Amino acid sequence: MTDYAALLKESELKATFQRINILETIEGHGHMSIDAIYEEVVKTHPSLSLATVYKNIILMVEKGVLVEVSIAGKKPKYELLKEDHIHLVCIECGEVEDKPKNSAADELFISMAKQENFTLNKKQINLYGVCSYCQEAVA
Ligand SMILES: [Zn+2]
Ligand SMILES: [Zn+2]
């Protein structure tokens, strides 16, 4: 279990009950849209507004606690900052699956950045396609 309070403090954020609850919710699901996060969090904090949840999520993205995963044609999802990994993103259902990072791909990006004299800060590798479940649904 992650120590969310410590995580927030490390990122110079006050460890409010709401933020901890948002982080817990996201970690429990892996990747979530703001709407889905709100639906969960509001169960424990009925007075919480969508705008407040939104503001907190954006702030935690800015501080590097959360990472935004863009999904083509859909609302982005958010996850906790984890070790580098690869995303398989389904453009049909919006499901995001984590796959361990690939060292061959990693080497390619590092050498590419070096060649282009580009300082690489962070990388997110998203592969977009149709998941096996959605492929079956079509058939
Ligand atoms: Zn799918
Ligand atoms: Zn992920």
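Residues numbered from 1 in each chain as written. Chains lettered and ligands numbered in written order. Predicted model: local features only at pLDDT ≥ 70, side-chain atom pairs only at ≥ 80, totals over all residues. Heavy atoms only, no water.

**As for the overall build of the protein**
Tallying secondary structure elements over the protein gives 6 helices and 6 strands in all. For the protein, the N- to C-terminal ordering of α and β elements is α-α-β-α-α-β-β-β-β-α-β-α. The proportion of buried residues among the 139 residues of the protein is 32%. Residue pairs in contact within the protein that sit at least 24 positions apart in sequence constitute 47% of those at least 6 positions apart. Of the roughly 9100 Å² that the protein leaves accessible, carbon and sulfur atoms contribute 54%. Of the side-chain charges in the protein, 15 are positive and 21 negative, and the distance between the mean point of each set is 5 Å. (Helix = DSSP H or I, 4+ residues; strand = E, 2+ residues; numbered from the N terminus. Buried < 20%, exposed > 50% of the residue type's maximum accessible area, 1.4 Å probe, protein only. Contact = heavy atoms within 4.5 Å. Areas by Shrake-Rupley, 256 points an atom, 1.4 Å probe, with all protein chains shown as cover. Lys, Arg positive; Asp, Glu negative; His and termini not counted. Charge placed at Lys NZ, Arg CZ, Asp CG, Glu CD.)

**Quick look at the packing of helix α2 (residues 17-29) against helix α3 (residues 34-44)**
Where α2 meets α3, the closest approach of the two axes is 10 Å, and the angle between their N-to-C directions is 125 degrees. Judged by the angle between their axes, α2 and α3 are oblique. Viewed along their axes, α2 and α3 form a crossing whose handedness is right-handed. Here N21, I22, T25, I26 and H29 of α2 come into contact with α3, specifically with I37, E40, V41 and T44. Residues of the contact of α2 with α3, tallied by class, amount to 4 nonpolar, 4 polar and 1 charged. (Axes fitted to C-alpha atoms, helices over the stretch in contact; angles between N-to-C directions. Parallel < 35°, antiparallel > 145°, perpendicular 65-115°, else oblique. Left-handed = near helix turned anticlockwise from the far one by under 90°. Nonpolar A, V, L, I, M, F, W, Y, C, P; charged D, E, K, R; others polar.)

**Some points on the coordination of the zinc ion (ligand 1)**
Angles between donor atoms at a metal ideally measure 109.5 degrees for a four-coordinate tetrahedral arrangement and either 90 or 180 degrees for a six-coordinate octahedral one. Surrounding the zinc ion (ligand 1) are the protein donor atoms C90 (SG), C93 (SG), C131 (SG) and C134 (SG), which sit 2.3 Å from the metal. Seen from the zinc ion (ligand 1), its 4 donor atoms lie at angles of 105 to 119 degrees, and the figure they make is tetrahedral. Written as a sequence motif, the donor residues of the zinc ion (ligand 1) are C-x2-C-x37-C-x2-C. One end of the pair, C90, is in strand β4 (residues 85-90); the other, C131, is in the loop between β6 (125-129) and α6 (132-138), with 41 residues separating them in the sequence. (Donors = N, O, S within 2.8 Å, 3.2 Å for Na, K, Ca; no water. Tetrahedral: all angles 85-135°; square planar, octahedral: opposite > 155°, others 65-115°.)

**Some remarks on the coordination of the zinc ion (ligand 2)**
In this structure, H31 (NE2), E79 (OE), H85 (NE2), H87 (NE2) and D98 (OD) serve as the protein donors to the zinc ion (ligand 2), at separations of 1.9 to 2.2 Å. Here the donor residues of the zinc ion (ligand 2) are spaced in sequence according to H-x47-E-x5-H-x1-H-x10-D. On the basis of relative accessible area, E79 is assigned to the buried category, the value being 3%.

**Some words on the layout of surface pockets**
What the largest pocket holds in volume is close to 340 Å³. Residue lining of the largest pocket: 16 residues in total, with V67, L81, K122, K123 and Q124 positioned closest to the centre. Elements that contribute at least two residues to the lining of the largest pocket include exactly β2 (66-71), β3 (74-80) and β4. The element that contributes the greatest number of residues to the lining of the largest pocket is β2, accounting for 3 residues. Residues belonging to the lining of the largest pocket are distributed by class as follows: 5 nonpolar, 4 polar and 7 charged. Roughly 160 Å³ of volume is contained in the second largest pocket. Residue lining of the second largest pocket: L88, V89, C90, E95, E97, L127, Y128, G129, V130, C131 and S132, and that is the complete set. Of the residues belonging to the lining of the second largest pocket, the class tally is 7 nonpolar, 2 polar and 2 charged. (1 Å grid on protein atoms, 1.4 Å probe; cavity = no way out; pocket = protein on both sides within 12 Å on 5 of 7 lines; lining within 4 Å. Points joined across faces, edges and corners; volume = space filled by probe spheres on them.)

Bear in mind that shape data such as this cannot, by itself, settle questions of function.
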